[in-house]
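Now for the letters of each chain:
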Amino acid sequence: MNRIWFVMVTGSLCFLLWSNPSGVLNSMIDASAEAFSLCIELCAVYCVWLGILELVEVSGLGEKLAKLLRPLIKKLFKIDDSETEKLIALNISANMLGLGNASTPMGIKAIKRLDDGSGVATNAMIMLIVLNATSLQLLPSTIIGLRATAGSVSPADIILPTIIVTACTCVLGVSLVKLCNHFRDKLKRRK
């Protein structure tokens, strides 16, 4: 992957040097300034939501959320570990708020707890990865923040389409994982 990025960056710089040598430095400085400005503006969005997630965890709401989501988590993951259920619940709730970066640490902890040490991804690990990739979002806060930063007149107009699309992808992803796991388990039993 590093080679691909190296080739892309080197190729882009060579083309820019060939087509517009005087604009290379200006383009690099402008792009860096825009990236830095975007990071600062998105920092406020993440600070608010990460603070809310921290309050959820400290206040014990995480356990209540895990209890609320327990039937769904048990059905999807087939686990019996309250700490893992809590991590998965917090991961799912962070994704629902559109905070993919905030959900990552909890997802990594949950994956480690789901690992059976065999070196092969378990059905529960695969399900968690697919749920993170499809990411059912009720409030796409990061995208709303990006749209607001870019000067959108109504950055929250994407809420309903995002809910519809992510619900469809989530249902499709879970269905495909269940189907693949069914066939995978059948193959294991035949061996």
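Structure: see above.
Residues numbered from 1 in each chain as written. Predicted model: local features only at pLDDT ≥ 70, side-chain atom pairs only at ≥ 80, totals over all residues. Heavy atoms only, no water.

Draft legend 1. Inspection of the overall build of the protein at higher detail. Secondary structure summary: the protein contains 8 helices and 0 strands in total. Starting at the N terminus, the α and β elements of the protein follow one another as α-α-α-α-α-α-α-α. Out of the 191 residues belonging to the protein, those deemed buried represent 30%. Contacts in the protein between residues at least 24 apart in sequence constitute 62% of all its contacts with a sequence separation of at least 6. Roughly 12,300 Å² of accessible area belongs to the protein as shown, and the carbon and sulfur atoms make up 70% of that amount. In the protein, 19 side chains carry a positive charge and 14 a negative one; their mean positions are 13 Å apart. (Helix = DSSP H or I, 4+ residues; strand = E, 2+ residues; numbered from the N terminus. Buried < 20%, exposed > 50% of the residue type's maximum accessible area, 1.4 Å probe, protein only. Contact = heavy atoms within 4.5 Å. Areas by Shrake-Rupley, 256 points an atom, 1.4 Å probe, with all protein chains shown as cover. Lys, Arg positive; Asp, Glu negative; His and termini not counted. Charge placed at Lys NZ, Arg CZ, Asp CG, Glu CD.)

Draft legend 2. Quick peek at the pattern of salt bridges. Summed over all chains, the structure comprises 4 salt bridges. In this structure, the salt-bridge partner of Arg70 is Glu85, at a minimum N-O distance of 2.5 Å. One end of the pair, Arg70, is in helix 3 (residues 61-77); the other, Glu85, is in helix 4 (residues 82-96), and 15 residues separate them in sequence. Residue classification places Arg70 among the partly exposed residues on the basis of a relative accessible area of 25%. Asp80 is paired through a salt bridge with Lys74; the nearest N and O atoms lie 3.1 Å apart. Here Asp80 falls in the exposed class, since its relative accessible area comes to 72%. Among the charged side chains, a salt-bridge network with shared partners connects Arg70, Lys74, Asp80 and Glu85. (Salt bridge = Lys/Arg side-chain N within 4 Å of Asp/Glu carboxyl O.)

Draft legend 3. The arrangement of the side chain of Thr162 in detail. Secondary-structure assignment places Thr162 in helix 8 (residues 159-190). Thr162 sits in the buried class, given a relative accessible area of 15%. A polar contact is formed between the side chain of Thr162 and the backbone oxygen of Ile158, at a distance of 2.6 Å. (Polar contact = N/O pair within 3.5 Å; in protein donor to acceptor, adjacent residues only side chain to side chain.)

Draft legend 4. Here's a closer look at the nonpolar core. Counting residues in each nonpolar core, the largest one holds 28 residues, and the members touching the most others are Ile73, Phe77, Ile79, Ile88, Leu114, Met127 and Leu131. Of all the secondary structure elements, the ones that give two or more residues to this core are helix 2 (24-58), helix 3, helix 4, helix 5 (100-114), helix 6 (123-134) and helix 8. It is helix 4 that provides the largest number of residues to this core, a total of 6 residues. Among residues more than four places away in sequence, those in contact with Ile79 are Ile73, Lys74, Thr84, Glu85, Ile88, Leu114 and Ala124. (Core = buried A, V, L, I, M, F, W, Y, C linked by side-chain atoms within 4.5 Å.)

Draft legend 5. Molecular detail of the state of the cysteines. Using the criterion set out here, one finds 0 disulfides in the structure. No disulfide involves Cys47; its sulfur sits 3.9 Å from the nearest other cysteine sulfur, which is in Cys43. Residue Cys47 is classed as partly exposed on the basis of its relative accessible area of 49%. (Disulfide = S-S within 2.5 Å.)

Draft legend 6. Representation of the packing of helix 2 against helix 4 within the structure. The contact between helix 2 and helix 4 brings their axes to 11 Å, and the two run at 155 degrees. In terms of their interaxial angle, helix 2 and helix 4 are classed as roughly antiparallel. The handedness of the crossing between helix 2 and helix 4 comes out as right-handed. For the pair helix 2 and helix 4, contact is made by Leu53, Val56 and Glu57 and by Lys86, Leu90, Ser93 and Ala94, respectively. Partitioned by chemical class, the residues of the contact of helix 2 with helix 4 number 4 nonpolar, 1 polar and 2 charged. (Axes fitted to C-alpha atoms, helices over the stretch in contact; angles between N-to-C directions. Parallel < 35°, antiparallel > 145°, perpendicular 65-115°, else oblique. Left-handed = near helix turned anticlockwise from the far one by under 90°. Nonpolar A, V, L, I, M, F, W, Y, C, P; charged D, E, K, R; others polar.)

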